[in-house]
Amino acid sequence: MLTVHLPASLQRDAGAASLAVTEPVGTIAELVEVLERRVPGFRSLFDDALLNFAVNDELVLHRVRDRPLADGDVVELIPTISGG
Amino acid sequence: MPIRDRVARLLAELPDAPQYPTQGATAFIDLERREVRQAYTPVSVVRALLAGRGANMFYLYRLLDESLAPLDPGVPLIFGSGVLTGIVPSAARGNATSWSPESGVLMDCNAGDYFPSFTKMNGYDHLVLYGRAPRWTLLHVKDGRIAFRDAAPYVGLDNLDLRERIEADFGGAWTRDLAMASITRAGERLVLTSAIMAGPKACYARGGPGAKMGALRLKAILVQGQTHDFETAQPYKGYNREIAQKLLATSVVKHALKTTGTPFLYKPSRLLGAMGTKNHQETTWTDALDASNIDPYRPGMAGCFRCPVNCRPLNDLHGDEADRYGRGDGPEYVTLGKFGPNVGIDRIESVIRLNNICNDLGLDTASTGSAIAWAMELFQRGIITARDTGGLELVWGDAALVERLIFMLSRREGFGDVLADGARAVEKGHYPPGALRYRMAVKGLMQSDPHDARILKAFALGLAVSTRGMDHLRNRVTLEINARINDDPAFKQRLYGGAVSAAPTSYEGKERAVRVCENVFGVGDAVGMCRFTTQLFNSPSLPGLDQFAAQIANVTGLAFEPAALDRVGLNIMGVERLINRRLGVGRQDDTLPERWFEEPITVGAYAGEKIDRAEFDAMLSRFYALSSLTEEGVPQDAWRRELEAALEGRA
Ligand code: SF4
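The shown structure was predicted, so the numbers you read here are calculated from the model rather than taken from an experiment. Counting from 1, residues in each chain are numbered in the order their sequence is written. Here every chain gets a letter starting at A, and every ligand a number starting at 1, in the order they are written. Owing to the predicted nature of the model, reporting of local features is limited to residues with pLDDT of at least 70; listing and counting of side-chain atom pairs is limited to 80 or more, with chain, interface and lining totals taken over all residues. The side-chain numbers reported here are obtained from all heavy atoms of the structure, hydrogens and water having been left aside.

1. Quick word on the overall build of chain A
So, step 1. To qualify as a helix, a DSSP run of H or I must reach at least 4 residues; to qualify as a strand, a run of E must reach at least 2; elements of each kind are numbered from the N terminus. For chain A, the helix and strand inventory stands at three helices and five strands.
So, step 2. Going residue by residue from the N terminus, the α and β elements of chain A occur as β-α-β-α-α-β-β-β.
So, step 3. Here the radius of gyration uses the C-alpha set of atoms, whereas the globule reference equals 2.2 Å times the residue count to the power 0.38. Relative to its length of 84 residues, chain A is compact, with a C-alpha radius of gyration of 12 Å against a globular reference of 12 Å.
So, step 4. The C-alpha extent of chain A, read off along each of the three principal axes, is 40 × 25 × 20 Å.
So, step 5. Considering chain A as a whole, with its 84 residues, one finds that 50% of them fall into the buried category.
So, step 6. Here, two residues are considered to be in contact whenever any of their heavy atoms come within 4.5 Å of each other. Considering only contacts in chain A between residues 6 or more positions apart, those separated by 24 or more positions represent 51%.
So, step 7. Surface exposure here means Shrake-Rupley accessible area, sampled with a 1.4 Å probe, where a residue is shielded only by the protein chains that are shown. Accessible surface, chain A as shown: approximately 3700 Å² in total, 48% of it carbon and sulfur.
So, step 8. In chain A, 7 positive and 13 negative side-chain charges are present, and the distance between their average locations comes to 3 Å. For every residue, the accessible area obtained with a 1.4 Å probe (protein chains only) is divided by the maximum for its type, and the residue is called buried under 20%, exposed over 50%, and partly exposed between those limits. Charged residues are defined narrowly, with Lys and Arg counted positive, Asp and Glu counted negative, and His plus the chain ends left uncounted. A charged residue contributes its charge at one atom only: NZ of Lys, CZ of Arg, CG of Asp or CD of Glu.

2. A word on the domain arrangement of chain B
All names here are of chain B.
So, step 1. An automatic or database domain assignment supplies the start and end points of every domain. Once the domains are mapped, chain B shows domain 1 (3-224), domain 2 (237-446) and domain 3 (457-591 + 612-647).
So, step 2. The C-alpha centroid of domain 3 is placed 26 Å from the C-alpha centroid of domain 2.
So, step 3. The interface of domain 2 with domain 3 comprises 21 residues on the first partner and 28 residues on the second.
So, step 4. Summed over both partners, buried area is the accessible surface (1.4 Å probe) that two parts give up on being assembled. Looking at the side of domain 2 facing domain 3, the largest losses of area belong to Tyr-239, Val-442 and Lys-443, adding up to 35% of the total buried there.
So, step 5. By convention in these notes, a salt bridge is any Lys or Arg side-chain nitrogen within 4 Å of a carboxyl oxygen on Asp or Glu. If you look at where domain 2 meets domain 3, you find one salt bridge.
So, step 6. Polar contact criterion, stated in full: a pair of N or O atoms within 3.5 Å, where within protein one must be able to donate a hydrogen and the other to accept it, and residues adjacent in sequence count only if both atoms are side-chain atoms. There are six residue pairs in polar contact (both at pLDDT 80 or more) connecting domain 2 and domain 3.

3. Topic: the packing of helix α19 (residues 510-527) of chain B against helix α23 (residues 613-626) of chain B
A packed helix pair is summarised by two numbers, namely the angle formed by the two axes and the spacing between the axes.
All names here are of chain B.
So, step 1. Direction vectors running N to C along α19 and α23 enclose 45 degrees, while the axes themselves pass 9 Å from each other. Here α23 runs oblique to α19, going by the angle between their axes. Where α19 crosses over α23, the handedness of that crossing is right-handed. On α23, the residues that touch Lys-510, Glu-511, Arg-512, Val-514, Arg-515 and Glu-518 of α19 are Met-619, Arg-622, Phe-623 and Leu-626. For every element, the axis is a line fit to its C-alpha atoms; helices are fit only across the contacting stretch, and the angle between N-to-C directions ranges from 0 to 180 degrees. Angle categories: roughly parallel below 35 degrees, roughly antiparallel above 145, roughly perpendicular from 65 to 115, and oblique for all the rest. Left-handed describes a crossing in which the near helix is turned anticlockwise from the far one by less than a right angle; the clockwise case is right-handed.

4. A closer look at the packing of aromatic side chains
Residue and element names in this part refer to chain B.
So, step 1. Centre distance within 6.5 Å is the pairing criterion for rings of Phe, Tyr and Trp, where only the six-membered ring of Trp is used; planes under 30 degrees apart are then read as stacked, over 60 as edge-to-face, and the remainder as tilted. Per the stated rule, a full pass over the model turns up 14 aromatic pairs over all chains.
So, step 2. Aromatic pair Tyr-114 and Phe-305: ring centres 5.7 Å apart, planes at 70 degrees, arrangement edge-to-face. With Tyr-114 in the loop between β5 (106-111) and α4 (115-121) and Phe-305 in the loop between β13 (301-302) and β14 (312-316), this pair connects stretches of sequence that are 191 residues apart. Phe-305 matches Tyr-114 in its accessibility class, with the two residues each being buried.
So, step 3. Consider the rings of Phe-118 and Phe-305, whose centres lie 5.7 Å apart with planes at 85 degrees: the pair is edge-to-face. Remark: Phe-305 occurs in the loop between β13 and β14 and Phe-118 occurs in helix α4; sequence separation between them is 187 residues. The exposure classification of Phe-118 matches that of Phe-305, with both residues buried.
So, step 4. Grouping aromatic residues by their ring pairs yields a cluster made of Phe-28, Phe-58 and Tyr-59.

5. Some words on the sheet that holds strand β6 (residues 124-130) of chain B
Residue and element names in this part refer to chain B.
So, step 1. Spatially, β2-β1-β6-β3-β4-β5 is the arrangement adopted by the six strands of the open sheet, whose pairing is mixed. The strands lining the two open edges of the sheet, one partner per strand, are β2 (35-39) and β5. With direction set aside, neighbouring strand axes in the sheet form an average angle of 15 degrees.
So, step 2. Alignment of strand β3 (residues 77-81) against strand β4 (residues 94-99), held across four bridges, turns out to be antiparallel. Looking at the pairing, Ile-78 lines up with Thr-97 of β4. The rule for pairing is simple: two strands pair if DSSP sees at least two bridges between them.

6. Examining the interface of chain B and chain A
So, step 1. At the interface, 40 residues of chain B touch 27 residues of chain A.
So, step 2. Both sides together, the interface formed by chain B and chain A hides about 2800 Å², and carbon and sulfur atoms give 62% of it.
So, step 3. Ranking the residues of chain B by area buried against chain A places B:His255, B:Leu271 and B:Arg484 at the top, with a combined share of 23%.
So, step 4. In this structure, the connection of chain B to chain A is made through one salt bridge.
So, step 5. When the shortest N-O distance is used, the salt bridge between A:Glu76 and B:Lys267 registers 2.3 Å.
So, step 6. For the pair chain B and chain A, the number of links is six residue pairs in polar contact (both at pLDDT 80 or more).
So, step 7. For the side of chain B that touches chain A, the secondary structure elements donating two or more residues are α9 (251-257), α10 (266-272), α11 (333-338) and α17 (483-486) of chain B.
So, step 8. When residues of the side of chain B that touches chain A are assigned to their parent elements, the largest contribution, five residues, is made by α9(B).
So, step 9. Throughout, the ten residues Ala, Val, Leu, Ile, Met, Phe, Trp, Tyr, Cys and Pro are labelled nonpolar, Asp, Glu, Lys and Arg are labelled charged, and all others, Gly among them, are labelled polar. Looking at the side of chain B that touches chain A, its residues break down into 24 nonpolar, eleven polar and five charged.

7. Comments concerning the packing of α19(B) against helix α21 (residues 562-582) of chain B
All names here are of chain B.
So, step 1. One can describe the packing of α19 onto α21 by two numbers: an axis separation of 7 Å at closest approach and a directional angle of 90 degrees. Classed by the angle they form, the pair α19 and α21 counts as roughly perpendicular. Contacts from Arg-515, Glu-518, Asn-519, Gly-522, Val-523 and Ala-526 in α19 reach Leu-565, Asp-566, Val-568, Gly-569, Leu-570, Ile-572 and Met-573 in α21.
So, step 2. Here the contact of α19 with α21 is composed, by residue class, of seven nonpolar, three polar and three charged.

8. Considerations on empty space enclosed by the protein
Residue and element names in this part refer to chain B.
So, step 1. As defined here, a cavity is a set of points on a 1 Å grid over the protein atoms alone where a 1.4 Å probe fits but cannot get out. A pocket is an open set with protein on both sides within 12 Å along at least five of seven lines, and residues line them when an atom is within 4 Å of a point. Grid points are joined across faces, edges and corners, and a volume is the space filled by probe spheres set on the points. One pass over the structure, following the stated rule, counts seven cavities of 30 Å³ or more.
So, step 2. Of the pockets and cavities examined, the second largest cavity occupies roughly 70 Å³.
So, step 3. Forming the walls of the second largest cavity are Lys-443, Thr-467, Arg-577, Asn-580, Arg-581, Val-585, Gly-586, Arg-587, Asp-590, Glu-632, Gly-633 and Val-634.
So, step 4. Class assignment of the residues belonging to the lining of the second largest cavity gives a composition of two nonpolar, four polar and six charged.

9. A word on the side chain of B:Ser410
Residues and elements named next belong to chain B.
So, step 1. Structurally, Ser-410 is set in helix α14 (residues 399-411).
So, step 2. By relative accessible area, Ser-410 is classed as buried at 3%.
So, step 3. With residues up to four places along the chain from it excluded, the contact list for Ser-410 reads Arg-185, Ala-186, Arg-189, Val-191, Leu-361 and Leu-363.

10. A short note on α21(B)
So, step 1. By definition here, a helix of n residues has an expected span of 1.5 Å times n minus one. For α21(B), with 21 residues, the first-to-last C-alpha span of 31 Å sits near the 30 Å given by 1.5 Å per residue.
So, step 2. Phi for B:Gly584, located one or two positions after α21(B), is positive at around 90 degrees.

Structure below.
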């Protein structure tokens, strides 16, 4: 099982701040497919947003789709901006 | 040649009437003699540099006498609003430019709130200030006229009290018909980390502008007047609506800027292992400072003139009503980083309180926080001791101590006098030369943001080549932190006009991305657009050169192709480098703090990363070549002659 923490903008659509993903998921690409099915609004946010993935508190900056996931991983979706 | 002769020579060349619809005048204000003369920026200069930051560089280039010192009243302080400031949504910004007393190189600061827009509404694009006022002075700009008033009643007031007193004395209301650029006691005392306040939090910061204004004995510039629409070359409001829609439809605006503001970035930097901690000895810190922890203390958001984004978080600590620092404006990500991890503080309430204090005391939180962190590391290493600090133990994480140091700095009291000299503490004889090894500065300017750039090489190059010193707001390739863009090489290539490596740690092609960002951001400053809402800083889909070109044509009637605007961005950087060259800056100054070359990151997925000297040097050379700069980092001969011709009225 994976735990997926959602950004505030998706939590209402998902009805929760976090999801437990029990489907077999081996990579972030496969996780994205699951999230598209389970969270209304995920696709439009994902297509447009500067969403990054953190796996077990490590931010993934490239080759994100192929990033392997294992049972027990905690994945977080984080919109990223710069600042001043 | 004395400043008055320089001004007279320049005035003789300048047109005395507007050169295009909406152009405001340039007021040359002699504070010593209490005289104002005005003229307009020539079209040839506008074609090369636009207004705002761009034309500010024209005025500085022409009026600078580098044989003086930065705080000499013969060195002008120049305010400039952008071509579209006050006219286009989110174009609320202006720049303040001079020779920096903090860094010793170019000073160029950008601020929003209402001052730049209201100045333009009063018919002024630029204010060129010089001469030391015989007594503390307040400039009062109203109905297009500039009056000199006695500022004696306001001397010694910090930001909160000053704003209250001015509102009571002059009538009107902030954000409706009053705006001001002013200094606090810190500026009066020439604190090198002091800012010029442009609102409750908004400020012209970086490089010691507060000290520069204080040296002219100018307490404030108060601008009064009703807002109004401009007479433009063509209708522009329809396109304004498109720009506003574009802003509001951008996900980063919808999901982060509008709701939380910039503290959002703390978490990604922390998770990346790139959060400057304890003066960058470490690079990650507690999740207790994640933006979500600010939520209970954020009663709402505020914004700048006619900006639909409203990205500025307000705060309320829900404490004692009488505590003047229990509520305020901010913090931004920079302040969160500088007064959180960088000084070892882990309580969000402490950071918010320190933010509110800095806003009142008129301090640049980046320079002030960095100066304190530097002192703390020197103390930790025994390079300075309690004998140097007047008995204070500079211990990481002591919020009460940091609060005390900030007050001491703003008044130049005790060890505060050392901190008030910011990055120049070695030069001023306060610290031994060995202290420079731990100074997180480039070109004499402490780092603006808390991000540790040993991992992302594009960030590192940007900090090294920024013309005002170590600052992320001049050219930060922020989208390097976006995995989806990194993983789409075709899109990334289109964005930057050539190949840029997907790997954040690679040096390949990063010069290209920095070049593109520096051009777009330079143009953004010259039109007055906020950096947060300029294309490439936070998103690829925000307004950029295409939208600026279209709206410049509507507003001014001046046609620019987007490619010509791109050239303007390059020109601005080129003139800034010509100015810096006169101030002794060369290739050796386009570098990074020693620590980043020598000490690797020790945590996270990128543990082991540091800056490789040879790779960095090669990247710098590629950046110079791509930017038409010589190996010394100044414009190549043909382009330099072209720039000089434009600057000297021979174009
Ligand atoms: S985006 Fe924020 S800082 Fe920028 S102009 Fe708008 S309100 Fe001001």
